[in-house]
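A look at the structure
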Amino acid sequence: MQLPAPRGPLTERLFAELARPPHAFGPPPADPYGDRPSNQHGDRHGDPCFGEEDAQLALFVCYELHYQGFDGVDDRWEWNPSLLVLRERLETWFEGWLARRVPRPPAPPSREVPRALAALVAADDGPSLSAYLRSRADTAQFREFVVHRSIYQLKEADPHTWGIPRLLGRPKAALVEIQSDEYGGGRPERMHAELFRATMRGLGLDDSYGAYLGLVPGVTLAISNVMSLFGLHRRRRGALLGHLAAFEMTSSLPNRRYSQALGRLGGDAGARRYFDEHVQADAVHEQIAAHDMCGAFAAEHPGLTGDILYGAACALTLDRLFAEHLLGRWREGRTSLRETDAEVTVR
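Residues numbered from 1 in each chain as written. Predicted model: local features only at pLDDT ≥ 70, side-chain atom pairs only at ≥ 80, totals over all residues. Heavy atoms only, no water.

If you walk through the whole model with that rule in mind, you get 0 disulfides. The cysteine Cys62 is free of any disulfide, with Cys314 supplying the nearest cysteine sulfur at 20 Å. The exposure class assigned to Cys62 is buried, which follows from its relative accessible area of 1%. Cysteine Cys314 shares no disulfide, and the gap to the nearest cysteine sulfur, in Cys294, comes to 14 Å. (Disulfide = S-S within 2.5 Å. Buried < 20%, exposed > 50% of the residue type's maximum accessible area, 1.4 Å probe, protein only.)

Structure below.
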């Protein structure tokens, strides 16, 4: 994956440092943007999101050094102290960003965690992106949706896998069971990331890892960033499990609709297989995640039940913000992707 174009002073500085061999560099401001746009005039379409775009991309790039990295960026940057200082400050900004958008649910008794997760999911009243795609989206819009999803789906399950060595007993076994399915049960061609590549190829998209990083907005990056934030910090392991549970509990029906949408638009069985796979798999994973993973973890760590629910709430809120962004842009007749100076699109 190549580093994308910078989106502001943070990424300009970061990318310039990463182009050199690992070295020490000065820290950024303690609060790079707060919750304020750094450009009062907004982006080229008037959206006041300049600071958020810059900070989300900078944090995503810092995290990506723990995954596949970037061409031309020395692997030793992963644990460079100056880079970690920058990442910590960006995480502090991101945690504040989340706190302002995600009300923290009350902590339930440990035995009530599966029921509380189900109630949280049932209470979610965000717009249905899957219903729109099934009945109204054109091919260009569905391709945009897949481009957005590729940022996480091409490394599907990796962020949650950070949780495995941080668990013991029943919760660990449950997480391993879920992740084993995500990784194809040991068969590379059945890995969910590989199935998603087939969907991208079926739509005529570039299926290489991170090919569209430069085109997706901050809200898409935030979906990946929250998983990495929870996965890379042991103190956030409860939130990581809650996030995964919400992810699985809200997956089966939308994926059925995505498959129906792609069928309506002429997609063949190979292109639809990723979505079809998740209809059945996630219906099973939902029960494992809520009861065997989160329920058992809550019984072992009753003081972390609030974290489990908060992680789930973050997943639901970011999914709502993502849906609102795509549907809002499409209703205005605009692309949901970032329009670069080169006018690169996927249409």
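Let's shift gears to the side chain of His160. Note that His160 resides in helix 7 (residues 158–161). The exposure class of His160 is buried, given its relative accessible area of 1%. Of note is the side chain of His160, whose polar atom sits 3.1 Å from the side chain of His243. Setting aside its immediate chain neighbours within four residues, His160 contacts Tyr152, Leu175, Gln179, Met227, Leu240, His243 and Leu244. (Helix = DSSP H or I, 4+ residues; strand = E, 2+ residues; numbered from the N terminus. Polar contact = N/O pair within 3.5 Å; in protein donor to acceptor, adjacent residues only side chain to side chain. Contact = heavy atoms within 4.5 Å.)

Attention now goes to the nonpolar core. By size, the foremost hydrophobic cluster in this structure holds 74 residues, and its most contacted members are Leu14, Phe94, Leu98, Leu129, Leu133, Phe142 and Phe145. Top element by residues in this core is helix 14 (residues 305–331). It accounts for 9 residues. Discounting residues that sit within four places of it in the chain, Phe145 has contacts with Leu129, Leu133, Tyr258, Phe275, Phe322, Leu326 and Trp330. (Core = buried A, V, L, I, M, F, W, Y, C linked by side-chain atoms within 4.5 Å.)

What follows concerns helix 12 (residues 252–264). With 13 residues, helix 12 extends 19 Å from end C-alpha to end C-alpha; this agrees with the ideal 18 Å at 1.5 Å per step. Here helix 12 has its buried residues at Ser252, Asn255, Arg257, Tyr258, Ser259, Ala261 and Leu262. The elements touched by buried residues of helix 12 are helix 5 (129–135), helix 6 (139–153), helix 9 (192–202), helix 11 (237–249) and helix 13 (269–300). (Expected span 1.5 Å × (residues − 1).)

Counted by the stated rule, this structure contains 12 aromatic pairs. With centroids separated by 5.7 Å and ring planes inclined at 25 degrees, the aromatic side chains of Tyr132 and Trp330 adopt a geometry described as stacked. Within this pair, whereas Tyr132 is found in helix 5, its partner Trp330 is found in helix 14, the two being separated by 198 residues in sequence. In this structure, Tyr132 and Trp330 share a single accessibility class: buried. A connected cluster of aromatic rings, assembled from ring pairs, spans Phe142, Phe145, Phe196, Tyr258, Tyr274 and Phe275. Above the plane of the ring of Tyr67 lies Lys155, whose end atom (NZ or CZ) is 4.1 Å from the centre. (Phe/Tyr/Trp six-rings, centres within 6.5 Å; stacked < 30°, edge-to-face > 60°. Lys NZ or Arg CZ within 6 Å of the ring centre and 35° of its normal.)

Before going further, it helps to examine the environment of Leu221. Position of Leu221 relative to the elements: it lies in helix 10 (residues 218–231). Taking the relative accessible area as the measure of exposure, Leu221 reaches 0% and is therefore buried. For the pair Leu221 and Val61, spaced 160 residues apart in sequence, the C-alpha separation works out to 9.9 Å. Dropping the residues within four chain positions of it, Leu221 is found in contact with Arg7, Gln56, Leu57, Phe60, Ile151, Leu213 and Val216.

Moving on, we come to unusual backbone geometry. Keep in mind that most residues, glycine aside, have a negative phi and that most peptide bonds are trans. A positive phi angle is found at Ala157, which is not glycine, with a value near 85 degrees. Locating Ala157 in the fold gives a position in the loop between helix 6 and helix 7.

Moving on, we get to the pattern of salt bridges. Pairing is possible between side chains that carry opposite charge, provided their charged atoms lie close to one another. Throughout the structure, instances matching the rule amount to 19 salt bridges. Here Arg187 makes a salt bridge to Glu189, at a shortest N to O gap of 3.0 Å. Looking at Arg187, the relative accessible area reads 45%, which means it is partly exposed. Overall, Glu189 belongs to the partly exposed group, its relative accessible area being 43%. Because the salt bridges share partners, they merge into one network encompassing Arg7, Glu53 and Arg338. (Salt bridge = Lys/Arg side-chain N within 4 Å of Asp/Glu carboxyl O.)

Within the secondary structure, Val216 sits in the loop between helix 9 and helix 10. Look at Val216 and you get buried, because its relative accessible area is 0%. A C-alpha to C-alpha distance of 23 Å links Val216 and Glu17, two positions 199 residues apart in sequence. With near-sequence residues (within four places) excluded, Val216 lies in contact with Arg7, Glu53, Val147, His148, Ile151, Leu221, Leu337 and Arg338.

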